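Below are the chains, spelled out letter by letter.
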Amino acid sequence: MKYSIFFLLFLALTTTIQAQEQLKLPELEQAVEIITDQWGVPHIYAQTEHDLFFAQGFYAARDRTFQFELWRRQATGTVAEILGERELDRDRGARLFRFRGDMEQEMAHYHPRGKQIITAFVAGVNAWIVQTQARPDLLPLEFKLLGIKPGLWTPEIVISRHQGLLENVTDELNNARAIALLGEDKLKALQWFHPKEPDLRLDPKIPAALFQQDLLKLYSAFRKPLSFKPEDLIGAIRNPNLQDYSDLAALETQEYLAAQADRSSNVGSNNWIVSGKLTQSGFPMLANDPHRAISTPSLRYMTHLVGPGWNVIGGGEPVIPGISIGHNEYGAWGLTIFATDAEDMYVYETHPNNPNLYKVGTEWRSMRIIKDTIRVKGKAPVIVEHKYTHHGPVVHEDRALKTACAVRCAWLEVGGAPYLASLRMGQAKNWQEFRLACQYSHIPAENMIWADRAGNIGWQAVGITPIRRQHSGLVPVPGDGRYEWDGYLPILERPGVLNPEQGFWATANENVTPNDYQHWETIGYKWSDPFRGDRCAEVLSTGRRHTLQDFMNLQTDYLSIPARNLVPLLRNLPCADTSAEWARQQLLQWDFQLEKNSIAATLYDAWERELRSQLEKILLPENARSLVTMQAYRILEFLMLPDGKFGTNPVQDRNTFLTKALGAAVRNLETRLAGLPRSQWQYGQEKYKHVVIRHPLSSSASPELRKKLDHGPLPRGGSSQTVGATSGTYNQTHGASFRLVVDTGNWDYCLATNTPGQSGNPDHPHYRNLFEMWANDQYFPLFYSKGKIESVQFNKLKLMP
């Protein structure tokens with residue numbers, strides 16, 4: 001069979017290293033065996049459930065010690081202890097938005113034995129931390145660079161929400177500011193609000209001047225990525241060139257802001273399921289590639305958990321017990337984001353004589369106040385007050401305007417820890433059990449898909465969903481009682497389907513809500529562009545019988561549907577500018593594939609960027625461009641259906657606009673690719689589309705050390721609009737660092753990627769071993785049977801009680 005040949009060829013090209021290690025850990029109940037394969041995936045075999053999750057925590061913390069420590073400090077609001085006063089707002093925000101509910105109830109939400117599982121996982125993490133306390137040489141070099149040591153974990157860290165995919169309070173503030181500049185109608189014309197039209201009216205009770213203030217300072221502070229400066233590092237390993245540091249830091253900021261501006265394209269995923277009627281094996285198949293920030297180490301960590309009642313393999317965030325995306329012996333599951341608004345900003349009138357009183361109806365209520373002390377490196381401890389209304393954390397106060405702002409977060413309810421409810425999914429034996437498990441999945445809101453060996457495929461939207469009957473949730477509203485949520489929609493009343501008639505189901509963060517759905521007040525208004533989802537459906541609906549290779553090809557597909565629509569507009573539009581005419585001829589002969597060796601792909605990408613830039617200048621005043629990001633769908637709509645925005649002769653003026661933008665695009669390329677002849681203007685290269693994965697300490701470290709910490713550059717293809725999503729930035733900052741394809745007919749017929757490697761230790765062989773493979777769109781087998789796993793063993797660890 002094709003799959004067997006593929007695996008044999010793959011294995012013939014690899015080298016197996018076998019080593020054995022044994023450790024004694026008194027917290028264990030019985031012996032545990034961990035076989036790590038040559039790609040760095042640990043396969044954990046335990047005889048009790050406690051030991052299984054203890055070992056998962058222990059091994060993940062060992063592989064990702066520095067990542068665990070950064071997570072711990074962000075979750076607990078203790079970053080200022082090591083980085084000083086500049087991180088004080090981060091710590092204040094993290095503590096303000098900390099879950100303060102009942103921990104017993106919280107842990108029980110994720111699994112009937114949630115408390116036992118989470119505490120066993122934490123005990124395993126701490127067992128590794130204790131080992132490093134006894135032997136500091138076990139710590140990866142980041143701890144030496146910063147002069148710090150890892151701290152012990154608690155269950156509260158595991159259930160932290162600080163890095164969850166949360167929405168949409170930032171959009172609310174941006175919308176309010178944009179409406180003040182443009183008006184409601186123009187904002188609706190520029191933004192692609194759908195499937196229903198929202199109410200964007202601003203309540204006149206809110207002072208307009210309030211929206212010009214930094215209302216979300218504390219919220220934004222705890223949500224942004226950590227950054228380091230040369231002075232944070234010890235001695236000679238610092239970057240001695242302050243200009244070099246400054247340039248790198250500015251580049252990282254630029255890439256971060258560009259990614260945030262196009263968040264709807266960059267933070268997403270693809271997944272699909274196909275019935276056995278449309279597969280070569282005759283069994284259902286599943287594919288999933290979540291798109292998040294590309295980082296070192298990867299956000300995802302792959303594990304195989306085998307113990308009483310458990311045999312689950314796949315990927316998830318390393319700091320969380322269980323598997324978020326993967327399969328057990330019955331079925332496979334995956335996820336993508338299903339746009340759901342789980343946040344609202346409420347604005348209150350505060351008492352003129354007591355700012356801690358806020359008005360609801362005719363009643364003055366007292367804010368709840370919690371005093372806290374934050375330790376700051378090099379400074380005296382800072383005493384702060386965390387304030388709360390009945391809606392949630394108070395993020396801003398203006399005594400002159402007599403107002404206060406709070407954020408209501410559905411994710412601060414019990415069950416809001418991201419992905420942790422996948423513990424229940426990991427033991428599902430069929431669609432019915434999987435769907436019941438889905439009702440516990442609150443954050444993030446997702447398109448959960450399922451495929452099982454019994455022949456079923458299904459889709460269920462999940463996520464905690466406020467019911468808003470009085471407002472759209474797209475702008476801030478008064479907190480006076482007129483705009484309350486009417487509870488939450490039961491998750492199983494969200495859209496779903498079992499065994500769709502067409503034989504497949506695909507989601508790519510676009511709106512897939514059926515037209516006959518009833519609860520429209522719970523459906524979001526902002527979704528990703530449809531192009532990735534359309535391309536998936538286009539390929540999956542051909543009627544052919546799909547294979548694992550077909551699924552890998554689709555996950556790394558670089559056909560641009562926007563290009564397929566825009567380039568034909570250049571037909572019969574000869575350019576007087578000879579450079580633009582050369583580019584036009586190249587594009588008209590192009591196949592619309594953003595392949596890394598394509599010169600036409602470079603020309604198209606530069607042209608598309610210029611079209612967007614020029615349209616923004618026409619349609620948006622400069623002070624609104626940071627507030628409104630026009631989606632590619634809207635840009636295509638404007639260009640395909642020209643109206644008076646282009647001039648008095650819409651079609652002719654649109655055509656002139658297209659050719660002028662093409663000439664400008666070529667001039668931009670002559671600057672960016674200066675020194676290269678046109679024959680070397682290929683898309684994938686360091687000067688254009690590429691990937692460099694920077695370590696968090698990279699810009700602060702010396703150039704020699706940076707080479708050890710960073711990955712790349714390597715050429716890339718694709719864009720934010722291709723199924724093989726590689727972000728809209730020149731350096732790929734977002735995309736699918738982790739991918740999975742599964743044939744349920746044989747659980748060893750599973751392939752995966754996870755860049756740059758499973759280990760977060762720069763001195764470990766699994767720190768960068770997957771990077772080049774991933775950048776070249778290659779996969780490795782994720783074996784499930786023990787015989788196959790032992791055939792590709794890298795090392796074996798015995799944990800003894």
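Being a predicted model, the structure only gives us computed values, none of them experimental.

Scoring rules and cut-offs
- Residues numbered from 1 in each chain as written.
- Predicted model: local features only at pLDDT ≥ 70, side-chain atom pairs only at ≥ 80, totals over all residues.
- Heavy atoms only, no water.
- Helix = DSSP H or I, 4+ residues; strand = E, 2+ residues; numbered from the N terminus.
- Rg over C-alpha atoms; globule rule 2.2 N^0.38 Å.
- Lys, Arg positive; Asp, Glu negative; His and termini not counted.
- Charge placed at Lys NZ, Arg CZ, Asp CG, Glu CD.
- Salt bridge = Lys/Arg side-chain N within 4 Å of Asp/Glu carboxyl O.
- Buried < 20%, exposed > 50% of the residue type's maximum accessible area, 1.4 Å probe, protein only.
- Pairing = 2+ DSSP bridges.
- Axes fitted to C-alpha atoms, helices over the stretch in contact; angles between N-to-C directions.
- Contact = heavy atoms within 4.5 Å.
- Expected span 1.5 Å × (residues − 1).
- pLDDT = per-residue confidence, 0-100.
- Core = buried A, V, L, I, M, F, W, Y, C linked by side-chain atoms within 4.5 Å.
- Parallel < 35°, antiparallel > 145°, perpendicular 65-115°, else oblique.
- Left-handed = near helix turned anticlockwise from the far one by under 90°.
- Nonpolar A, V, L, I, M, F, W, Y, C, P; charged D, E, K, R; others polar.
- Disulfide = S-S within 2.5 Å.
- Polar contact = N/O pair within 3.5 Å; in protein donor to acceptor, adjacent residues only side chain to side chain.
- 1 Å grid on protein atoms, 1.4 Å probe; cavity = no way out; pocket = protein on both sides within 12 Å on 5 of 7 lines; lining within 4 Å.
- Points joined across faces, edges and corners; volume = space filled by probe spheres on them.
- Phe/Tyr/Trp six-rings, centres within 6.5 Å; stacked < 30°, edge-to-face > 60°.
- Lys NZ or Arg CZ within 6 Å of the ring centre and 35° of its normal.

Draft legend 1. Summary view of the overall build of the protein chain. The secondary structure content of the protein chain amounts to 26 helices and 28 strands. Against the globule reference of 28 Å for 801 residues, the protein chain gives a C-alpha radius of gyration of 26 Å, in line with a compact fold. Taking the principal axes of the C-alpha coordinates as reference, the protein chain spans close to 80 × 75 × 60 Å. When the 85 positive and 87 negative side-chain charges of the protein chain are each reduced to one mean point, those points stand 2 Å apart.

Draft legend 2. Representation of the pattern of salt bridges. Going through the model one piece at a time under the given rule, you end up with 41 salt bridges. Residue arginine 62 pairs with glutamate 21 through a salt bridge whose shortest N-O separation is 3.2 Å. Taken together, the residues span a long stretch of sequence, with arginine 62 in helix α2 (residues 49-63) and glutamate 21 in strand β1 (residues 20-24) at a distance of 41 residues. One connected set of salt bridges, linked through shared partners, spans Glu69, Arg72, Arg73, Glu81 and Arg375.

Draft legend 3. Just the pairing of strand β21 (residues 504-507), in detail. Neither face of β21 is exposed, since Phe504 and Ala506 on one face and Trp505 and Thr507 on the opposite face are all buried. Bridge count between strand β4 (residues 268-274) and β21: 4 bridges; the pairing is antiparallel. Bridge pairing in β21 links valine 274 to phenylalanine 504.

Draft legend 4. Representation of the sheet that holds strand β3 (residues 42-45) within the structure. The strand order across the open sheet formed by 11 strands is β1-β28-β2-β3-β6-β7-β8-β9-β17-β18-β20, and the pairing between neighbours is mixed. This sheet does not close on itself; its edge strands, each paired only once, are β1 and β20 (496-498). Strand-to-strand twist in this sheet, taken as the mean axis angle between neighbours without regard to direction, amounts to 15 degrees. Inspection of the sheet shows strand β2 (residues 32-37) paired to β3 by 4 bridges, in the antiparallel sense. Note on β3: the bridge partner recorded for glutamate 33 is tyrosine 45. Here α2 sits on the sheet and contacts β1, β2, β3, β6 (301-307), β7 (310-316) and β28 (793-800); the angle it forms with β6, its principal contact strand, is near 160 degrees.

Draft legend 5. Local environment of helix α3 (residues 65-76). Taking 1.5 Å per residue, 12 residues should reach 16 Å; α3 reaches 16 Å between its end C-alpha atoms and fits that length. Within α3, 11 of the 12 residues are buried, leaving the element largely enclosed by the surrounding structure. All of the buried residues in α3 are Thr65, Phe66, Gln67, Phe68, Glu69, Leu70, Trp71, Arg72, Arg73, Gln74 and Ala75. Buried residues along α3 sit in contact with α2, α4 (80-83), α5 (88-96), α7 (114-134), α8 (141-146) and α9 (155-158). Glycine 77 sits one or two residues past α3 and shows a positive phi near 65 degrees.

Draft legend 6. Region of the structure containing the confidence of the model for the protein chain. When pLDDT is averaged along the protein chain, the result is 94; 94% of the residues meet or exceed 70. Every residue in residues 1-17 is under pLDDT 50, and counting partners more than four places away or in other chains gives 36 contacts.

Draft legend 7. Inspection of the nonpolar core at higher detail. Core analysis: the largest hydrophobic core is formed by 103 residues, its most contacted members being Trp153, Leu420, Phe434, Phe780, Leu782 and Leu799. If one sorts the elements of this core by residue count, α7 sits on top with 9 residues. Judged by nonpolar contacts, the second largest core, of 58 residues, contains Phe592, Leu620, Met630 and Leu658.

Draft legend 8. Region of interest: the environment of phenylalanine 283. Mapped onto the secondary structure, phenylalanine 283 falls in the loop between β4 and β5 (285-293). Accessibility expressed as a relative area gives 30% for phenylalanine 283, which makes it partly exposed. Distance from phenylalanine 283 to arginine 667, taken between C-alpha atoms, is 52 Å for residues 384 residues apart in sequence.

Draft legend 9. View of the packing of α2 against α7. In contact at an axis separation of 7 Å, α2 and α7 are set at 40 degrees when each is read in the N-to-C sense. It follows that α2 is oblique to α7 by the angle criterion. Crossing hand, α2 versus α7: right-handed. The segment α2 lies against α7, with Glu49, His50, Phe53, Phe54, Gln56, Gly57, Phe58, Ala61 and Arg62 engaging Ile117, Ala120, Phe121, Ala123, Gly124, Val125, Ala127 and Trp128. Here the contact of α2 with α7 is built from residues that sort into 11 nonpolar, 4 polar and 2 charged.

Draft legend 10. Expanded view of the sheet that holds strand β15 (residues 394-398). In spatial order, the strands read β15-β16-β10-β19; together these 4 strands make up an open sheet with mixed pairing. Of all the strands in the sheet, just β15 and β19 (477-478) have a single pairing partner and so form its edges. Where strand β10 (residues 343-349) and β19 come together, 2 bridges link them in parallel fashion. Bridge pairing in β19 links tyrosine 346 to valine 477. Together, β10 and β16 (403-409) form the strand contacts of helix α10 (residues 169-182), whose direction differs from that of β10 by roughly 60 degrees.

Draft legend 11. View of the state of the cysteines. Applying the stated rule across the entire model yields 0 disulfides. The cysteine cysteine 405 is free of any disulfide, with cysteine 409 supplying the nearest cysteine sulfur at 13 Å.

Draft legend 12. Inspection of the side chain of aspartate 37 at higher detail. Note that aspartate 37 resides in strand β2. Although buried, aspartate 37 forms no salt bridge, and the nearest oppositely charged side chain, arginine 64, lies 12 Å from it. Only 2.9 Å separates the side chain of aspartate 37 from the backbone nitrogen of tryptophan 39, close enough to count as a polar contact. Residues contacting aspartate 37, with those up to four places away along its chain left out, are His43, His766, Val792, Gln793 and Phe794.

Draft legend 13. Inspection of empty space enclosed by the protein at higher detail. Following the criterion strictly, the structure yields 4 cavities of 30 Å³ or more and no others. What the largest cavity holds in volume is close to 50 Å³. Forming the walls of the largest cavity are Ser324, Leu335, Tyr419, Ala421, Ser422, Met425, Ser441, Ile443, Glu446 and Met448. Here the residues of the lining of the largest cavity are counted per class, giving 6 nonpolar, 3 polar and 1 charged.

Draft legend 14. Representation of the side chain of glutamate 581 within the structure. Mapped onto the elements, glutamate 581 comes out in helix α20 (residues 578-588). A polar atom in the side chain of glutamate 581 sits 3.0 Å from the side chain of arginine 584. At 2.8 Å, the side chain of glutamate 581 and the side chain of glutamine 585 are in polar contact. Setting aside chain neighbours within four positions, we find glutamate 581 in contact with Leu573, Pro574 and Cys575.

Draft legend 15. Inspection of the packing of aromatic side chains at higher detail. Under the criterion given, the structure shown has 29 aromatic pairs. Centroid distance tryptophan 582 to tryptophan 681: 5.9 Å. Interplanar angle 80 degrees. Geometry classified as edge-to-face. A residue pair is termed long-range when its members are at least 10 positions apart, and tryptophan 582 in helix α20 and tryptophan 681 in the loop between α23 (650-672) and β22 (690-693) qualify at 99 residues. Note on tryptophan 582: relative accessible area 21%, which makes it partly exposed. On the basis of relative accessible area, tryptophan 681 is assigned to the buried category, the value being 3%. Here a set of aromatic residues connected by ring pairs shows up, and it is made of Phe97, Tyr219, Phe222 and Trp411. Its end group placed over the ring of tyrosine 388, arginine 368 keeps NZ or CZ at 5.7 Å from the ring centre.

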